[in-house]
Amino acid sequence: MASQVASPSTSLHTTSSSTTLSTPALSPSSPSQLSPDDLELLAKLEEQNRLLETDSKSLRSVNGSRRNSGSSLVSSSSASSNLSHLEEDSWILWGRIVNEWEDVRKKKEKQVKELVHKGIPHHFRAIVWQLLCSAQSMPIKDQYSELLKMTSPCEKLIRRDIARTYPEHNFFKEKDSLGQEVLFNVMKAYSLVDREVGYCQGSAFIVGLLLMQMPEEEAFCVFVKLMQDYRLRELFKPSMAELGLCMYQFECMIQEHLPELFVHFQSQSFHTSMYASSWFLTIFLTTFPLPIATRIFDIFMSEGLEIVFRVGLALLQMNQAELMQLDMEGMLQHFQKVIPHQFDGVPDKLIQAAYQVKYNSKKMKKLEKEYTTIKTKEMEEQVEIKRLRTENRLLKQRIETLEKHKCSSNYNEDFVLQLEKELVQARLSEAESQCALKEMQDKVLDIEKRNNSLPDENNIARLQEELIAVKLREAEAIMGLKELRQQVKDLEEHWQNKEEVMAVRLREADSIAAVAELRQHIAELEIQKEEGKLQGQLNKSDSNQYIGELKDQIAELNHELRCLKGQRGFSGQPPFDGIHIVNHLIGDDESFHSSDEDFIDNSLQETGVGFPLHGKSGSMSLDPAVADGSESETEDSVLETRESNQVVQKERPPRRRESYSTTV
């Protein structure tokens, strides 16, 4: 079954290149088929211990254990006869996953995790574990043989603990057996690679499980990867700081999910490290039988220490009722004897319960920060306590010296007083140190409170994004405001120009209207003059007086025209003075009209304003010289008017009139 653990008889393999680990099966009768590395290892073991030569049973178990480790070229045809149809499908599926590992890991990571939860077939464990931790091609593998030739300061400790590692397992229980030897080699090689960690007893169980699945070189590479990338190195450091963090996080999870059990543990002084430290150091390898522990280790290779938290809390949930009835000794016995065998034959039940536990990664990160703060505070307190203890020790020594001096009569009273003053000063310094320590503790608490009130990293990122968005909107609003202001300015300028243009047009309209009124007035005067001539109502004296009045009116009109010309020139229109209009009348009698009248005619025509002008029988000159000689002409016109009362006036011949103008 997939949940079974490969025994040494099915796990040791010959070393191969790349990820292809399968080799032909070896039988006890064909030792010549061993690889050169295996022959060298056997020769070394024979030299070190003659027991291998006499113990044929051990040798047969070693030779018979050489079989395929499962790789990209694994063939299930030789073993499928004893497998069910479901197992055959599992073999085919895992063979395809191994062959296409890179694509499957990137595109179907979730499906791979689900398959790992169901268990990796033991023939595939060696290669799959290497693929999961990316240890199939590590450069350090080439250094392994050289490391074995070196001497490690941890060799005695390793030798002492070898017999305690899987003492009931056939591969390791015999003294100086092959299993113990390869376990010693791997532990020794790692102690030379990582001298800070060196050797820790719990790590031997992990290496032993790896050696049950793969050759020692590959087991060494996988173990190096686990120490570097799976937090195991921090767990096995001499300070074991990571183990303390795991205990703190696990205890907080118990307090959150199982508050009643947490209170019971506290009341019984049953600390978390008393039962859970081995869970994290050995990944349950010392808690459960190997079939169950190996299933948990499969998930650990895929997901890391999270599975340890899940399984641990699931165990407490399922055993809460029993634990609540026990005292501290009873709970220890329950953890050691009852819990390990609760899931024999049903590992899936434990895995399912583990994944029903609520695990919050963000909460775990927050707890890690809290623990770091607490440890920092404790270290500062320890430093301060150490300093105070040193001062206290010095003070005690000084007091002892003073007491000795008091017993001696050789010292005078002044010396004693001086020593007492020094003692007082020392005690004052101690009191000040205590006050300073208290202030520091208060500051640390205040900093912790403020740190807890600060938003986490995700909230900070979200607030930064919101701030950037607000700044962008503010910039857009400022740009829009500038554009609106510019538009208002342009509209104001345009409106100002429009007002000026309208004012000019209004003035032009007023000027045109005034000119039209003047033209109308002149036309009325001309009509009145003609009517007076026709009716004969003017006599010579009246005509002279009337002509004088007309001259005055014409002078006033000329004055008004000049004023209008000035206004029009001010408004930007062309002035009247630049145009002279000459009218030529060709007929029986010739007369000249004033240039002002002609200008009015022309200007009204240009502006589109027209008034009818009546024909004139006589001529009128606005020139003063012509006005002086108009007296005789007036008399003739009066006579002609009088004669018209008696005789029907002859019809005048038609007058041809030409008018053209213009010199500028």
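About the cut-offs
Position numbers for residues start from 1 in each chain and track the written sequence from start to end. With the structure being a predicted model, the display of local features is reserved for residues of pLDDT at least 70 and the display and counting of side-chain atom pairs for 80 or more, all residues being used for whole-chain, interface and lining totals. Based on all heavy atoms of the structure, the side-chain values leave hydrogens and waters out of the count. A simple rule labels every residue: compare its accessible area, found with a 1.4 Å probe on the protein chains alone, to the largest value its type can have, and call it buried under 20%, exposed over 50%, or partly exposed in between. A pair of Phe, Tyr and Trp rings is counted when the ring centres sit within 6.5 Å of each other, with Trp represented by its six-membered ring. The angle between the planes then sorts it: under 30 degrees is stacked, over 60 is edge-to-face, the rest tilted. The secondary structure listing takes helices from DSSP runs of H or I that are at least 4 residues long and strands from runs of E that are at least 2 residues long, numbered from the N terminus. Geometrically, a lysine NZ or arginine CZ counts as sitting over a ring once it is within 6 Å of the ring centre and also within 35 degrees of the ring normal. Whether two residues are in contact is decided by their heavy atoms: any pair within 4.5 Å suffices.

Participant: Explain unusual backbone geometry here, please?
Facilitator: The phi torsion of most residues other than glycine is negative, and most of the peptide bonds are trans. Residues other than glycine seldom take positive phi values, yet Y166 does so here, at roughly 50°. In this model, I283 sits at a positive phi of 55°, which is unusual for a non-glycine residue. Residue I283 is classed as buried on the basis of its relative accessible area, which comes to 0%.

Participant: What is the right way to read the packing of aromatic side chains from this model?
Facilitator: Two aromatic rings are characterised by how far apart their centres lie and by the angle between their planes. Tallying each qualifying case throughout the model produces 25 aromatic pairs. Ring centres of Y144 and F220 lie 5.2 Å apart, and the angle between their planes is 45°; on these two criteria the pair is classed as tilted. Taken together, the residues Y144 in helix α8 (residues 144-148) and F220 in helix α12 (residues 216-229) connect sequence positions 76 residues apart. Plain terms: the ring middles of Y190 and F223 are 5.0 Å apart, the flat faces sit at 75° to each other, and that makes the pair edge-to-face. You can see Y190 sitting in helix α10 (residues 178-193) and its partner F223 sitting in helix α12, a full 33 residues away along the chain. The pair formed by Y190 and F223 is uniform in burial state, with each residue classed as buried. Here a set of aromatic residues connected by ring pairs shows up, and it is made of F250, F265, F270, Y275, W279, F280, F284, F288, F309, F335, F343 and Y359. The ring centre of F184 lies 3.7 Å from the NZ or CZ of R159, which sits over that ring.

Participant: Could you clarify how one ought to interpret helix α7 (residues 125-133) in this entry?
Facilitator: Owing to its 3.6 residues per turn, the α-helix brings residues three or four apart onto one side. Burial analysis of α7 places nine of its nine residues in the buried class, the great majority of the element. S134, located one to two residues past α7, shows a positive phi value of around 60°.

Participant: Teacher, can you tell me more about the environment of L115 here?
Facilitator: Here L115 shows up in helix α6 (residues 109-118). It is 9.5 Å that separates the C-alpha atoms of L115 and S90, two residues lying 25 residues apart in sequence. If sequence neighbours within four positions are ignored, L115 has contacts with L93, W94 and I97.

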